[in-house]
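# Reading the structure
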Amino acid sequence: MTGDRINIKIKPLGILDLLAFKNLVPGRKKRIQKAPATVIGSLQPVNALACKLHPAVQHLIVGEVREETGDVRTYRLLPHKEKGTEQLAYFRPGQYLSFTFEVEGATVTRPYSISSSPQEALAGYYEITVKRSDGGFISNYIWNNWTVGSEVEAGGPEGQFYYDNLRDRRHIVGIAGGSGITPFRSMAKSILEGDLDISLTLFYGSNRKDEIIFKDDLAALQAASGGRIKVVHVLAEEKVEGFEHGFITAGLLKKYVDLDSCSIFICGPQAMYEHLDSELAKLEMRRKFIRKEVFGEIKNVERLSGYPAEAAGKNFKMLVHMGKRTVEIDAAAGESLLVALERAGLCPPSVCRSGSCGVCRSLLIKGDVFIPADVDGRRQADKKFGYIHPCVTFPLGNLEIVVPRRKVR
Amino acid sequence: MSKGGFSDSYDAVVVGAGNGGLVAAATLAAKGCKTLLLEQHNLPGGFASSFVRGRFEFEPSLHEVSDFGPPHDKGNVRILLEDKIGIDTEWFPVPEAYRLIIPHEKGGRLDATMPFGEEEYLAKMEEYVPGSRESVYKFIRLCEEVVDAFTYLGQSRGNPDKKVLTSKYGNFLKTASYSLQDVLDALKMPYRAQKIITAYWCYLGVGVKDLSFSIFAAMFYRYITKQAFIPRYRSHEFTTALDMKIRELGGDILYNTRVEKILVEDGRVVGVETSHGDRIKTNHVIANTSPHTVYSRLIHPRTAVLEIAWKTCNARKVGFSAFVVYLGLDKSPQELGLNEYSHFIYSTPDTNDIYDAFHRLERPIGQATVCLNNAVPDCSPEGTSIVYLTTLFSGDAWKNVSPAEYFKLKNRIAEEMIDEFEKVVNVNLRDSIEEIEVATPATFARYTGAFNGGIYGYEPVVWDSVLPRMMTMNEEKYIKGLEFAGGFAFRCHGYSSSLQSGETAALLTYKDIMEGK
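Residues numbered from 1 in each chain as written. Chains lettered and ligands numbered in written order. Predicted model: local features only at pLDDT ≥ 70, side-chain atom pairs only at ≥ 80, totals over all residues.

## Here we look at the environment of Glu-293 of chain A
Inclusion rule: Only DSSP runs of H or I with at least four residues qualify as helices, and only runs of E with at least two residues qualify as strands; both kinds are numbered from the N terminus onward.
By secondary structure assignment, the location of Glu-293 of chain A is in the loop between β12 (290-292) and β13 (315-322). Spatially, the C-alpha atoms of Glu-293 of chain A and His-80 of chain A are 29 Å apart, while their sequence positions differ by 213 residues.

Have a look at this one:
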């Protein structure tokens, strides 16, 4: 005690306050004895809401397969009720699902944007749209294996590529490349269904006219929208009347929209982002008005600035601690640590595969790695203490890492 | 150093890597106990974490740590983390205690910015409420006695000398069974001074007519005399530092590993079983979660939960969950006109009215809003700032919300909070929002599994405050080998309490291990 002594009385007599103190424990015991012995339920309402919004797993079944173009198909997925998924999780247009595949003894994940709308999820289905590509390990697997009746496993809706009324302008300029059109189809449908109170001008880049995905769908959505949806097709390899030709440039955007009154949303392949970065820089827009969907796996990492040339093409060893297992596996310089782990059949956790969600977060104990700066979505303390996101981390030598086991769902 | 493997048996298993669990595991590992920490999420910290959106890294729950103190005048939490456990984390002082705004207070708008430091606080209060000095001075003396008494109780290890208690800590005993409002009335503190001095009530989440005076007194005194602190890289920095320290001390940590069962035989803990099917033998479990969760979901067989354990749960009330709007703004605090760190805004004067309103799904009438850059200037890139607006909700207020209305509902409430802040503080945030995220009770439930999304422990009302919990700690231990850490333990909730609860639980467990109990 440093200050003056005071003498407090709450009741007029101090002795009553001491009596009240003496009664504190007996009073507590009485309250407990009087309480009901009701057994408390194991699932509370808010925990149940969290499970509906973010289910750990959604068991799905392929209900329909549609050809969109020669190498693009849309898969309609229904809840697999026998496996316990009664309802599909609601989502925000623009979000994606992370699918899990068992391929050749390896457990692999892939994120696919939902191309259907939230209302359609309430009605009982999701759609995803998959382009078959050369060397596309999983897209080819889906093409070859998913037919009506196939059982499919996904997580809950993920991602932050959605319109937010407190942040974004109500006129959205969408820039899509190839299969990057999928989240915009979901948004366009939501506009017509009354869930999104925005207008959408969509610049959609395809190589050729016959490669345009959802061409008729988009035309119908535009026609029914009362002017709220407009689609501008841009063909890179063909000159066709009624279509823009070339790449999507700052000049082309300005030709159609007043950029001072819109927010830009971009979804497409890695090459399109590289091109658009320099185009959009010309516009000098505030960052808050430009939003990019993550684009997944980094390709050709050795081309990126800062990559040490001497590591390119090399093969390294990685000592992995995972649960009770310790194994040495191969890690190629050009592939992310996540791919190396999957290849070795280790079943690591992952969702976005783009550096941002952090689900694959692992501890680097030893060795040098390369992490491209613009996809390094790590927390600052993780950088300080040596935690990494294997999905965007590349080996520069032999490594030792601790990887958490995948959550059991 | 532990490299992520684990064994079949341990001296102690800690369930949950929140503040209490991390400190418990570090403390046990430092004592040489073979320790395993199990966490269902892929990160340490529970609510004490961080998340990244664009070029911003947000703090999910912490506003300020109390009882921390500057390096030359360390508080208990700094001593615990830096000296006893020895982690490497950088901490920044919060510049002022708080700015309190009650726009529609009796006698006109109340807008007071209060400093840290007893003398400074008294002087400022006298400026706002002339004639308040004597009662506020007495209040601070009482608070000091409460802190000293708790220190004495801690040192006496549960066997305090009654003579010492009555002679040295008489005021502590006399106020122990009263609410904060009872004590303010007894001191005849002027009304507006009462409003200013009770601003921190929302950190404890009980209206001042029901809130235990002792717990408020201890918190208030430590804030005013030891300042408040915040880690440089959000809470994830000290929780990850604790993770690294536990590994360095040989403790094992498994993430993505949910404990499904705490196995009990003949009234004592014999092991745990995880979501991966691991069966681990141990006679000691520290649960960094609520007794509600442990008894309703984890104890196996369920018949091992005694009737009195259910009664104890049902007699108590699980505290509030939270609703937080996280904003990454593309203007600096100066450009926005934000000069303070912590803003308490109460749209209606009576704290018990606000408490009641937090049980209903309606426009929030109380918020605690932080501009992080005003304590950690480079917490976001130059020319930007991080602001987060927090209000409280009971979990049950959200029980009838359907997923289809959820996203619109949360943005509506977020907008109402932003509107109120802008109007009351006279700033514009809306035009500068580059990133926004909104957490609801369902969000807190999602990431931590907390009972009904609660972020606080049991409500520290008079009969269930620190002192009665402490005095009944042994008799309310219903399963041998099971201790609790975190916001539901006897110290009540808040970062400093839950961190220190981990040490207490570890020391009790260590004593049992040593005595072969």
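## Points about the environment of Gly-319 of chain B
All names here are of chain B. Here is the rule: Field definition: a residue is buried when 20 or more other C-beta atoms are found within 10 Å of its C-beta, exposed when 12 or fewer are, and partly exposed for counts in between, with C-beta atoms placed from the backbone. Two residues form a contact once the distance between their C-beta atoms, set from the backbone, is within 7 Å.
Counting through the fold element by element, Gly-319 comes out in the loop between α13 (307-315) and β15 (321-329). Judged by the 23 C-beta atoms lying within 10 Å of it, Gly-319 falls in the buried class. Linking Gly-319 and Ile-455, residues 136 residues apart in sequence, is a C-alpha distance of 7.2 Å. Apart from residues lying up to four places away in sequence, Gly-319 is in contact with Gly-205, Gly-454, Tyr-456, Gly-457, Tyr-458, Glu-459 and His-493.

## Concerning the domain arrangement of chain A
Residues and elements named next belong to chain A. The following threshold applies: Residue ranges assigned to each domain were obtained from an automatic or database domain assignment. Lys, Arg, Asp and Glu make up the charged group, whereas Ala, Val, Leu, Ile, Met, Phe, Trp, Tyr, Cys and Pro make up the nonpolar group; the residues left over, Gly among them, are polar.
Under the domain assignment, chain A is made up of domain 1 (50-154), domain 2 (171-292) and domain 3 (302-402). Each of domain 1 and domain 2 has a C-alpha centre, and these two points are 24 Å apart. Looking at the side of domain 1 that touches domain 2, the elements with two or more residues in it are β1 (58-69), α4 (118-123) and β5 (126-131). Partitioning the side of domain 1 that touches domain 2 into residue classes produces four nonpolar, eight polar and two charged.

## Some details on the domain arrangement of chain B
All names here are of chain B. Structurally, chain B comprises domain 1 (12-68 + 234-317 + 457-514), domain 2 (116-225) and domain 3 (320-448). Distance from the C-alpha centre of domain 1 to the C-alpha centre of domain 3: 28 Å. Residue-level contacts link twelve residues of domain 1 with 17 residues of domain 3. Considered class by class, the residues forming the side of domain 1 that touches domain 3 number four nonpolar, four polar and four charged.

## Here we look at the pairing of β5 of chain A
Residue and element names in this part refer to chain A. Definition in use: Here a strand pair is declared whenever DSSP counts at least two bridges between the two strands.
Of all the six residues making up β5, five are buried; the element is thus mostly covered by neighbouring parts of the structure. In this structure, strand β2 (residues 72-79) lies alongside β5, joined through six bridges in antiparallel fashion. Residue pairing for β5: Thr-74 is matched across the bridge by Thr-129.

## Regarding the packing of helix α6 (residues 182-192) of chain A against helix α7 (residues 215-224) of chain A
All names here are of chain A. This is how it is decided: For helices, the fitted axis covers only the stretch in contact; all axes are lines through C-alpha atoms, and the angles between them, taken along N-to-C directions, range from 0 to 180 degrees. Our angle categories are set so that under 35 degrees counts as roughly parallel, over 145 as roughly antiparallel, 65 to 115 as roughly perpendicular, and the remainder as oblique. In this scheme the crossing of two helices becomes right-handed for a clockwise turn of the near helix relative to the far one and left-handed for an anticlockwise turn of less than a right angle.
The contact between α6 and α7 brings their axes to 10 Å, and the two run at 30°. Comparing their axes, α7 and α6 come out roughly parallel. Both α6 and α7 take part in a crossing whose hand is left-handed. In contact with Arg-185, Ala-188, Lys-189 and Leu-192 of α6, α7 contributes Asp-217, Leu-221 and Ala-224.

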